Amino acid sequence: MSIEIEQVSRRFGDFAAVDNVSLSLPQGELTALLGPSGSGKTTLLRIIAGLERPDHGTVKFHGEDTTDVHVSDRGVGFVFQHYALFKHMTVFENVAYGLKVKPRRVRPNQADIHRRVKKLLELVQLDWTAHRYPSQLSGGQRQRIALARALAVEPKVLLLDEPFGALDAKVRAELRRWLRRLHDEIHVTSVFVTHDQEEALEVSDRVVVMNHGRVEQEGSPREVYDHPANPFVYGFLGQVNLFRGRVSGGWAEIGGVRLPAPEHRDVSDAGAVAYIRPHDIELVEEEITGEGVIRAVVETVSIAGAVLRVELRHGLGDDLLHVEVPRDQPVAQTLQAGQVVYARPKQSRVFLQ
Ligand code: ATP
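Here the structure is a predicted model, which means the values were calculated and not measured.

**Notes on the overall build of the protein chain**
1) Next: Counting secondary structure elements, the protein chain contains nine helices and 20 strands.
2) Next: Sorting the 353 residues of the protein chain into buried and exposed places 35% on the buried side.
3) Next: Here the analysis covers contacts within the protein chain between residues at least 6 apart in sequence; of these, 65% occur between residues at least 24 apart.

**With respect to the sheet that holds strand E17 (residues 307-314)**
1) Next: Read across the open sheet, the five strands follow the order E15-E19-E16-E17-E18; overall the sheet is antiparallel. Across the chains shown, the open sheet's two edge strands, defined by having one partner strand only, are strand E15 (281-284) and strand E18 (321-326). Neighbour-to-neighbour, the strand axes of this sheet turn through a mean angle of 45 degrees, independent of strand direction.

**Side note on the confidence of the model for the protein chain**
1) Next: Looking at the protein chain, pLDDT values average 87 and 93% of them are 70 or higher.
2) Next: For this predicted complex, the interface score ipTM comes out at 0.93, alongside a pTM of 0.85.

**Brief notes about the packing of helix H3 (residues 110-123) against helix H4 (residues 139-152)**
1) Next: Two numbers describe how H3 lies on H4: the axes approach to 9 Å, and their chain directions differ by 140 degrees. By the angle class used here, H3 and H4 are oblique. Crossing angle aside, the handedness with which H3 passes H4 is right-handed. Residue-level inspection shows Arg116, Val117, Leu120, Leu121 and Leu123 of H3 in contact with H4, the latter providing Ala148, Leu151 and Ala152.
2) Next: Its residues assigned to classes, the contact of H3 with H4 comprises seven nonpolar, no polar and one charged.

**Digging into the environment of Val101**
1) Next: If you trace the backbone, Val101 turns up in the loop between helix H2 (91-100) and H3.
2) Next: The spatial distance from the C-alpha of Val101 to the C-alpha of Leu179 is 27 Å, given a sequence separation of 78 residues.

**Concerning the pairing of strand E8 (residues 189-194)**
1) Next: The buried count for E8 comes to six of six residues, which makes it a mostly enclosed element.
2) Next: Burial along E8 is two-sided: Thr189, Val191 and Val193 facing one way and Ser190, Phe192 and Thr194 facing the other are all buried.
3) Next: Bridge count between strand E3 (residues 30-34) and E8: five bridges; the pairing is parallel. Looking at the pairing, Thr31 lines up with Val191 of E8.
4) Next: Relative to E8, strand E7 (residues 157-161) is paired through five bridges, and the arrangement is parallel. Counterpart to Asp161 in the pairing with E8 is Val193.
5) Next: Once the chain exits E7 it traverses helix H5 (residues 169-186) before rejoining the sheet at E8, and the crossover so formed is right-handed.

**What to know about the domain arrangement of the protein chain**
By a widely used convention, the size of an interface equals the accessible area lost when the partners come together.
1) Next: Examined at the domain level, the protein chain breaks down into domain 1 (3-236) and domain 2 (239-352).
2) Next: For domain 1 and domain 2, the distance between their C-alpha centroids amounts to 39 Å.
3) Next: Domain 1 puts four residues into the contact, and the matching count from domain 2 is four residues.
4) Next: Broken down by class, the residue content of the side of domain 1 that touches domain 2 amounts to three nonpolar, one polar and no charged.

**Here we look at the site of the ligand**
1) Next: Neighbouring the ligand are the residues Phe12, Ala17, Gly35, Ser37, Gly38, Ser39, Gly40, Lys41, Thr42, Thr43 and His195.
2) Next: For the shell around the ligand, the element with the highest residue contribution is helix H1 (residues 41-49), accounting for three residues.
3) Next: Looking at side-chain class alone, the shell around the ligand contains two nonpolar, eight polar and one charged residues.

**Focus: the sheet that holds strand E6 (residues 76-79)**
1) Next: With mixed pairing, the six strands of this open sheet are ordered in space as E6-E7-E8-E3-E9-E10. In this open sheet, the two edge strands, each paired with only one partner strand, are E6 and strand E10 (214-219). The average undirected angle you get between the axes of adjacent strands in this sheet is 20 degrees.
2) Next: Two elements, E3 and strand E9 (residues 206-211), share four bridges in a ladder whose sense is parallel. Note on E9: the bridge partner recorded for Leu33 is Val208.

What counts and how
Residues numbered from 1 in each chain as written. Predicted model: local features only at pLDDT ≥ 70, side-chain atom pairs only at ≥ 80, totals over all residues. Helix = DSSP H or I, 4+ residues; strand = E, 2+ residues; numbered from the N terminus. Buried ≥ 20, exposed ≤ 12 C-beta atoms within 10 Å, placed from the backbone. Contact = placed C-beta atoms within 7 Å. Pairing = 2+ DSSP bridges. Axes fitted to C-alpha atoms, helices over the stretch in contact; angles between N-to-C directions. pLDDT = per-residue confidence, 0-100. Parallel < 35°, antiparallel > 145°, perpendicular 65-115°, else oblique. Left-handed = near helix turned anticlockwise from the far one by under 90°. Nonpolar A, V, L, I, M, F, W, Y, C, P; charged D, E, K, R; others polar. Right-handed = clockwise from strand over helix to strand, strands pointing away. Domains from an automatic or database assignment. Near = placed C-beta within 6 Å.

Have a look at this one:
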């Protein structure tokens, strides 16, 4: 089921929580609504669900206006941050619930319910928990059961609001990968709310970046990460170094250092801003000269998995320069505070505004 959102707005008093949003979400894709707190993600999700009515605009499911379709008739399944499982029911009963309360004419018989619940529990790899109660499961397991329960009624659209928000980082990372694999198997059109850019980039087919109730950009994870439409998207999708200066003839001049400006765009004298991601800067110990090289002193070095996070003090301003160095590079072996190094931003990776 595709979802078409056309010029949808929702105000609370004077405040526009969702401001003229239009989106087209193709059938079978997993879309992440990504944005800071208060950017309108949940409100938009609730509008798609039919839990909230837009002041303006329409939501269509596969071309059909849903404005007057009640939430229970939209064929949507939900998973929320806080596992809304019934505590007094076993896992099996929780997953079966949506099927048992269906109107009699469409309710499957006992044997079918049993078969379907068993299959769903296998799908979320928790068939061995069927007779347990939610209190006997871990947080991550409960969310997988919540997902099985949402899928039991065979929704045409699956809506997930920060489903892993309450879990610790490790479980969260596991569940993300698990959700991705599950989605590849079942292909139900899904919309996923998150404020975590890593989660959005890793899990989804399509990312919609929201800010102040509006869509800043939408596209594949690669598109929005590699070709951000504006500084907000650039900054929100990961850590960024920002320099102010002047741009002309393919170079940005910042505090006397020339940085490569890949877009060959002349931006008026003072107003140029150059952005560079920490992993797009190369570090070397031996002195190198030439254009685009920044001499700097290491301030701090810390380990972040396969990379070293290095903060550098340099002559271009008060801000520290953030660089990520793969730990298998020779320079990573000996880096320490106080050391002089040379930083060279990768030409094609400087983003200018
Ligand atoms: P978060 O990640 O914090 O949940 P969000 O991006 O999902 O944020 P929403 O929950 O959609 O944002 O809220 C958007 C704005 O609308 C917020 O400023 C919020 O306070 C406001 N808002 C949401 N629901 C209501 C309501 N029922 N009444 C008044 N204001 C509301």
